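# Structure assessment
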Amino acid sequence: MAAKGEEITVLNPNARHNLGVAIFDMCTIRFEGSVGYYAASMLDGPEVVIEGNAGWALGENMMAGKISVSKNAGASVGSTMRGGELFVGGDAGARAGISMKGGSLIVAGNSGFLTGFMMQKGRIIICGDAGEALGDSMYEGTIYVGGSIASLGADATIEEISEEELLDVLAALRDHGIENKRSFTKVVSAKKLYHYDTLERLEKSAL
Amino acid sequence: MGEQIDGDLVIRIWTENVQDISSVAARSEETVRHAGGVIRSTSTLDQFLRLVVNYQGEVADLADALIKVPGVAIHSIGTTSEVIKDIGTPAMMDVKHGVGEILGTHGIGHVRMATESRVDVNHAHPFWAYPFPDITVVHNGQLTNYHKLKRMYEDQGHHFQTGNDSEIIAVYLAGKLAEGQGLKQALRSSLDDLDGTFTYLVATKDGLGYAKDQWSAKPLVTMETDDVIAIASEEISLRGVFAEEIERIEPQNSEVMTWLL
């Protein structure tokens, strides 16, 4: 349905599931109302704007593009996303950015239980408070929290934020009209659960 | 166990074979009379029997007598609530059982996608907390300590009507309420005592509540105004209740909430 450069407006989405999935053309899609599960998932290129709430797994496996939801996102927002930018204007549910592999996930409000669980790359910015077990078993990537952290997950640790990084975070927020946040706590992997060789078995035998 | 009731009780009974319904009805009536109850009305609809009785004794005694009648599964006994479960769409349920005509303050419903126990009408939700009147539960999830809990309750003499793990939530909560806990307290206790994944709703005579497990494993969203509270797994279900734009709340891990009349 979507073609290059088009602007599409979807009226009365009525929180239905699987809307705007697997679209690879550069276009703009605007949902005037809430969307259900897996909205704008497997996206590669488009810009998606949702005026309302999103159900579970908004922007799941996004490769590139932009998604913004004006209100709250359900659980697993941005799960396994590899690139692009996902902005949540309200709160995010549990397991936000689970197994994230790249890109930026920005939450203007609070974020739920197990945010950044098994995160492998990319950046999560939470302006409000983070729920329990933040960054549990994360491998790589960075989480920035503007509010309080209920608890850190296994192998997640707090690291000093550099001025350069802070400026980057503030610049990303400014793009969404958020100017009031000035300090962030940075959470990364302590890498104490790292028991991996850097090479695959076949790669090693080739040496 | 059980509660002293003055006044009319509605008993909802289901039997597997439709040809048995008249004998099940006759023997159920006889059992109620034998227990000291007075039959106010009897109605049947294929496999379903609905009795309105005046009964002054212990509901547990009546329930225990009724389940001894061959072919009887009790879907509910209550003074203010009735459990209606069947196979079909919600629209069909409305046409067949007149669900839309029932007036009341609160109700819970469920569409089952069976994962573990038997697939029949009896194993569908809601589950009534046999033999406690007016306590019913709908549940999404799997309880991993179900068999352990079930053995514990059976050792205490409790009778389960199904092999469905969700039935035990109703029984668990009824037990806590009978011990004198408030509804919210009972829901909180369940977060520790039930293992596995669950989001469930409970309806009692004067209350409604939800509990969500520590993993936030199962979905739940709510919308509330001064007059109405609507709770569902997905927002699409709530959109039919409210025409206007209402704030959607997604409860988080280990959250419980109750509303009391």
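Residues numbered from 1 in each chain as written. Chains lettered and ligands numbered in written order. Predicted model: local features only at pLDDT ≥ 70, side-chain atom pairs only at ≥ 80, totals over all residues. Heavy atoms only, no water.

### So, the overall build of chain A
The test is simple: Each helix is a run of DSSP H or I of at least 4 residues and each strand a run of E of at least 2, with the numbering of both proceeding from the N terminus. For the radius of gyration, the atoms used are the C-alpha atoms, and the globule rule reads 2.2 Å times the number of residues raised to 0.38. Buried, partly exposed and exposed residues are distinguished by accessible area as a fraction of the type maximum, computed with a 1.4 Å probe on protein chains only: under 20%, between the cut-offs, and over 50%, respectively. Any two residues whose heavy atoms approach within 4.5 Å at even a single point are treated as in contact. To be clear on the numbers: accessible area is Shrake-Rupley with a 1.4 Å probe, and residue cover counts the displayed protein chains and nothing else. Think of it this way: Lys and Arg go in the positive column, Asp and Glu in the negative one, and His and the chain ends go nowhere. Here the site of a charge means atom NZ of a Lys, CZ of an Arg, CG of an Asp or CD of a Glu.
Along its length, chain A carries 2 helices and 10 strands. The helix and strand sequence of chain A, counted from the amino end, reads β-β-β-β-β-β-β-β-β-α-β-α. For 207 residues, the compact-globule estimate of 2.2 N^0.38 gives 17 Å, and chain A sits close to it at 17 Å. Structurally, chain A occupies a C-alpha span of about 50 × 50 × 30 Å along its principal axes. Per-residue burial for chain A yields a buried fraction of 52% across its 207 residues. Taking contacts inside chain A between residues at least 6 apart in sequence as the whole, the part at least 24 apart equals 18%. Of the roughly 9,500 Å² of accessible surface on chain A, a fraction of 50% belongs to carbon and sulfur atoms. For chain A, the separation between the mean place of its 18 positive charges and that of its 26 negative charges on side chains is 3 Å.

### Notes on the pattern of salt bridges
Counted only if it meets this: Only one rule defines a salt bridge in this text: a Lys or Arg side-chain nitrogen within 4 Å of an Asp or Glu carboxyl oxygen.
Applying the stated criterion across every chain yields a total of 15 salt bridges over all chains. Of the charged contacts in the structure, one is a salt bridge between B:R40 and B:D8, with a shortest N-O distance of 3.1 Å. On the criterion of sequence distance, the pair formed by B:R40 in strand β2 (residues 38–45) and B:D8 in strand β1 (residues 8–14) is long-range, its members being 32 residues apart. Residue B:D8 is classed as partly exposed on the basis of its relative accessible area of 34%. Taken together, the salt bridges that share partners define one network made up of A:E159, A:E165 and A:K186.

### What about unusual backbone geometry?
In this model, B:H125 is joined to B:P126 through a cis peptide bond whose omega is -5°. You can see B:P126 is positioned in the loop between α3 (90–97) and β5 (127–128). Note the cis peptide between B:Y130 and B:P131, where omega equals 0°. Assignment of secondary structure puts B:P131 in the loop between β5 and β6 (136–143). Non-glycine residue A:S99 carries a positive phi angle of around 55°. Position of A:S99 among the secondary structure elements: in the loop between β5 (85–88) and β6 (101–107).

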